[in-house]
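Report on the structure
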Amino acid sequence: MEKEWEKETLIRLFNKTCENFPDRLAAVDASNRLSYGELKGKVDYLSASFKRMGLKKRDIVMVQIANSVMFEIVIFSLFKIGAVPILILPAHKEHVIDAIIDRAKPKFYITMNDFYGVDYKKIADKMAIKYPFLEEVLTVMDLEEILEKPKDALGENVDVLLEEANTFEEVSPKDLAILELSGGTTGIPKLIPRYHGEYSYNAISSAKHCAMDSDVVNLSAIPVSHNFAFGTPGMIGTVYVAGLNVYCEYPSPMEIFDCIEKEKVTMISLVPSVVNLCVQYRQLDDSNDLSSLKYVLVGGASFTSNQAKACEKCFESTLIQVYGMTEGMTFLTSIDAPDEVRFFTQGKPCAKEDEFRIVDENFEELADGEEGEVVVKGPYTIKEYYKNPIETRDSFYKGFYRPGDKGKKDKYGNIIITGRAKEMINRAGEKIMPSEVEKYFICLPKVKQCAAVGKKDDLLGQAICVFYESSEELSMTSVRKFFKESNVEDYCIPDKIVRVENWPLTAVGKIDKSKL
Ligand code: AMP
């Protein structure tokens, strides 16, 4: 019998909603308001245009677009063809992009012209010179032109193009849908293959868990290209229930509160660092009307019970804690969870077939309440990384995926995440491998040795602190300048630097990071 996760495709899910509710408002950003009928019109047209340019099923496409209606149009246009977008976050710069292109060999590269002072097109053009297999670089502006002036752009009759829109090779639930980037347990993010059927099931299960219906107005404030805002339940879950997706370009508290009031937002997904900023902002200015908001989903990094309580007070709505990973497994607290569950746990997996265990170093299951390594498996959790046998070998055991987190299970089956089993800094939800920061820091003039560690920080959760040995004291300004010039992602730039003369060492003579 066909399993639930082998039934749907992301494009069928989209088409069903568009066909059943063409007049319902679908997607809104600062300059666009589209109904599902209008959205589908643009998706049909753009996918036909992509096809004309030579894009086919299974072709890989880099997509780096900030939160906007255009992001949604591009993603569903690619799904329609069966092409596979790699979801690159706006924060990713040349250093990550180069490595991803080298591994995935994309055919097209869709990016922004300029976003908050960064020239994304310049990076794309550089990559197109370096990698001859990159056939086409398109910017959001190019796509707007294509959508606005179809005849001029393609020299073709619109009707012919739209007819072509229905002659694609069929996409099946087992087809690769997207390649997402891992939170970065190694320096360069790993590519996570997600398939149409299982991804639809992940989004649908989490949408049901949050009791989403067509009245939902979902605000994407953190990057929608991250799995959390994309599909758990996020943008995809909202399309599934024929709700409204609202995009706010940048997660500043002012913009978030304004959007909630203006669009009568009912649901939002945030990382703890953004919640903390919102809490602080609201203490200064509580003029926005947030009465439409029902649920705030918070995940991506640890969230204390005090932060959880402050979050509910600030947003005047119910908190849904989320512990999840781009590799699949999604835990959520339920909408009617009592205080002790909502404030102190990250809930239960969203699908009944999901399995998780807390194990000791011998992979033996521990009793409820005992802390150990979290391991997970289920129908929508990946079984391997994309073209990466070494990481696959290291991240899976006995059919379970090992996210590298520590946690425990309460007596009701809720998970409580307590820390990391693997070395990693979680800065405002961005996962940073210390070795990646050290790799750059050691290149600073006169630095002999360095060690990066995560330091507890009220706002960021963890800040990056680098201890270094050098004949000279370094200034933060020179360190920042050096990292910027090295084209490293901004979130890898140290927040604090400390010069040391003597290193604390472990028994085998390694730098003892726990003492730092
Ligand atoms: P990503 O794939 O970027 O979503 O990162 C997944 C990782 O984020 C997990 O393996 C955890 O380390 C961390 N994470 C996600 N949600 C939580 C949470 N609620 N509490 C603590 N850590 C979390």
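Residues numbered from 1 in each chain as written. Predicted model: local features only at pLDDT ≥ 70, side-chain atom pairs only at ≥ 80, totals over all residues. Heavy atoms only, no water.

1. Thoughts on the overall build of the chain
To keep it simple, the criterion reads: To qualify as a helix, a DSSP run of H or I must reach at least 4 residues; to qualify as a strand, a run of E must reach at least 2; elements of each kind are numbered from the N terminus. Within these notes, the globule rule equals 2.2 Å times the number of residues to the 0.38 power, and the radius of gyration is based on C-alpha atoms. Remark: exposure states derive from per-residue accessible area (1.4 Å probe, protein chains only) relative to the maximum for the residue type, with buried under 20%, exposed over 50%, and partly exposed in between. In this description, contact between two residues means that some pair of their heavy atoms is separated by no more than 4.5 Å. Accessible areas in this description were obtained via Shrake-Rupley with a 1.4 Å probe; residue shielding takes into account the shown protein chains only. For the purpose of counting charges, residues Lys and Arg are taken to be positive, whereas Asp and Glu are taken to be negative. His and the chain ends are not included. For the purpose of locating charges, the reference atoms are NZ of Lys, CZ of Arg, CG of Asp and CD of Glu.
A count of helical and extended segments in the chain gives 18 helices and 26 strands. Taken over C-alpha atoms, the radius of gyration comes to 23 Å for the chain, in line with the 24 Å a tight globule of 516 residues would show. For the chain, the C-alpha atoms occupy an extent of roughly 75 × 55 × 50 Å along the three principal directions. A burial count over the chain gives 58% of its 516 residues as buried. When contacts within the chain are restricted to residue pairs at least 6 apart in sequence, long-range pairs at least 24 apart make up 70% of them. Surface exposure of the chain reaches about 21,900 Å², of which carbon and sulfur atoms provide 50%. Charge separation in the chain, taken as the distance between the mean sites of 65 positive and 80 negative side-chain charges, equals 4 Å.

2. A few points about the domain arrangement of the chain
What counts, and what does not: Annotation comment: domain bounds sourced from an automatic or database domain assignment. Values labelled buried area give the accessible surface lost by two parts on being combined, using a 1.4 Å probe and summing over both. Should a side-chain nitrogen of Lys or Arg be within 4 Å of a carboxyl oxygen of Asp or Glu, the pair is scored as a salt bridge. Pairs of N or O atoms within 3.5 Å make up the polar contacts considered here, provided that, within protein, one atom can donate a hydrogen while the other can accept it, and that residues adjacent in sequence are counted only when both atoms are side-chain atoms. Note that Gly is not counted as nonpolar here; it falls among the polar residues with everything else outside the nonpolar set of Ala, Val, Leu, Ile, Met, Phe, Trp, Tyr, Cys and Pro and the charged set of Asp, Glu, Lys and Arg.
The assigned domain composition of the chain is domain 1 (4-209), domain 2 (251-422) and domain 3 (426-515). Across the boundary between the two partners, domain 1 contributes 12 residues, which contact 12 residues of domain 3. Considering only the side of domain 1, the residues that lose the most area to domain 3 are Lys93, His95 and Gly183, jointly responsible for 48% of the buried surface there. Linking domain 1 to domain 3 there are 1 salt bridge. Our enumeration of links across domain 1 and domain 3 arrives at 6 residue pairs in polar contact (both at pLDDT 80 or more). Here the residues of the side of domain 1 that touches domain 3 are counted per class, giving 3 nonpolar, 7 polar and 2 charged.

3. Comments concerning the sheet that holds strand S4 (residues 84-87)
Test applied: DSSP-based pairing: two strands are paired if at least 2 bridges between them are found. The convention used is that axes are lines fitted to C-alpha atoms, helices contributing only their stretch in contact, and that angles between N-to-C directions extend from 0 to 180 degrees.
Spatially, S6-S5-S3-S4-S7-S8 is the arrangement adopted by the 6 strands of the open sheet, whose pairing is mixed. With partners counted over all chains shown, the strands left at the sheet margins are strand S6 (136-139) and strand S8 (191-195), one partner each. On average, each strand axis in the sheet is inclined to that of its neighbour by 20°, with strand direction left out of account. With respect to the sheet, helix H4 (residues 94-104) is in contact with strand S3 (60-64), S4, strand S5 (108-111), strand S7 (176-181) and S8, its orientation differing from that of S3 by roughly 165°.

4. So, the pairing of S8
Sheet faces and side chains relate simply in a regular strand, where the side chains alternate between the two faces. Counting buried positions along S8 gives 4 out of 5 residues, so the element sits mostly inside the fold. The pairing of S7 with S8 spans 5 bridges and is classified as antiparallel. Its bridge partner lying in S8, Ile178 is registered against Arg194.

5. Let's talk about the sheet that holds strand S9 (residues 217-220)
As summarised here, the arrangement of the 9 strands in space is S2-S1-S10-S9-S11-S12-S13-S14-S15, forming an open sheet in which the pairing is mixed. Across the chains shown, the open sheet's two edge strands, defined by having one partner strand only, are strand S2 (33-35) and strand S15 (348-349). Sheet analysis places strand S1 (residues 25-28) next to strand S10 (residues 244-247), joined by 2 bridges and oriented parallel. Across the sheet, residue Val28 finds its bridge partner in S10, namely Val246.

6. Description of the pairing of strand S11 (residues 267-270)
Going residue by residue along S11, you find Met267 and Ser269 tucked away on one face and Ile268 and Leu270 tucked away on the opposite face as well. Looking at chain direction, S9 and S11 are connected through 3 bridges and run parallel. Across the sheet, Asn218 pairs through a bridge with Met267, a residue of S11. Examined bridge by bridge, S11 and strand S12 (residues 295-299) share 4 bridges and lie parallel to one another. What sits directly across from Met267, in S12, is Tyr295.

7. Quick look at the site of the ligand
Note the following rule: Note on definitions. A residue lies near a molecule or strand when any single heavy atom of the residue is within 4 Å of it.
Near the ligand, the surroundings consist of 16 residues, among which Gly300, Val322, Thr326, Asp405 and Lys431 are the closest. With respect to the ligand, the side chain of His226 contributes an N or O atom lying 3.0 Å from an oxygen atom. Put simply, the parts of the chain that give the shell around the ligand at least two residues each are strand S13 (318-324) and strand S21 (415-420). At 3 residues, S13 tops the list of elements feeding residues into the shell around the ligand. Considering only residue class, the shell around the ligand consists of 6 nonpolar, 7 polar and 3 charged.

8. Examining the side chain of Lys409
Its location among the elements puts Lys409 in strand S20 (residues 405-409). Overall, Lys409 belongs to the buried group, its relative accessible area being 18%. If we ignore the near neighbours within four places in the chain, the residues touching Lys409 are Phe356, Ile358, Glu365, Asp368, Gly369 and Asn414.

9. A short note on the environment of Glu38
Inspection of the secondary structure puts Glu38 in helix H2 (residues 36-52). In the structure, Glu38 is positioned 219 residues away from Phe257 in sequence and 27 Å away in space, judged by C-alpha atoms. Side-chain polar atoms of Glu38 contact the backbone nitrogen of Ser35, separated by 2.8 Å.

10. Considering helix H17 (residues 434-441)
The element H17 is extensively covered by neighbouring structure, given that 6 of its 8 residues are classed as buried. For H17, the set of buried residues is Pro434, Glu436, Val437, Glu438, Tyr440 and Phe441.

11. Considerations on the pattern of salt bridges
As enumerated under the stated definition, the model contains 35 salt bridges in all. With its nearest N and O atoms 2.9 Å apart, the salt bridge here joins Lys57 to Asp175. Residue Lys57 is found in the loop between H2 and S3, and its partner Asp175 is found in the loop between helix H8 (158-164) and S7; the two are separated by 118 residues along the sequence. Each member of the pair, Lys57 as well as Asp175, is classed as buried. Measuring nitrogen to oxygen at the nearest pair gives 2.8 Å for the salt bridge that ties Lys121 to Asp125. Of this pair, Lys121 and Asp125 both sit in helix H5 (residues 120-130), separated by 4 residues, roughly a single helical turn. Judged by relative accessible area, Lys121 falls into the partly exposed class, the value being 28%.

12. Overview of the state of the cysteines
Selection criterion: Throughout, a disulfide means two cysteine sulfur atoms within 2.5 Å of one another.
With the rule as written, the count across this model stands at 0 disulfides. Residue Cys450 stays outside any disulfide, its sulfur separated by 8.9 Å from that of Cys443, the closest cysteine. Given the relative accessible area of 11%, Cys450 is considered buried.

13. Some thoughts on the packing of helix H3 (residues 69-81) against helix H6 (residues 140-148)
To describe two helices that pack against each other, one gives the angle between their axes and the distance between the axes. As a reminder, the rule being used: To sort the angles, those under 35 degrees are grouped as roughly parallel, those over 145 as roughly antiparallel, those from 65 to 115 as roughly perpendicular, and the leftovers as oblique.
With their axes 11 Å apart at the nearest point, H3 and H6 run at an angle of 75° to one another. Here H6 runs roughly perpendicular to H3, going by the angle between their axes. Contact residues: Met70, Ile73 and Val74 in H3; Val140, Leu143, Glu144 and Leu147 in H6. Residue classes in the contact of H3 with H6 are distributed as 6 nonpolar, no polar and 1 charged.

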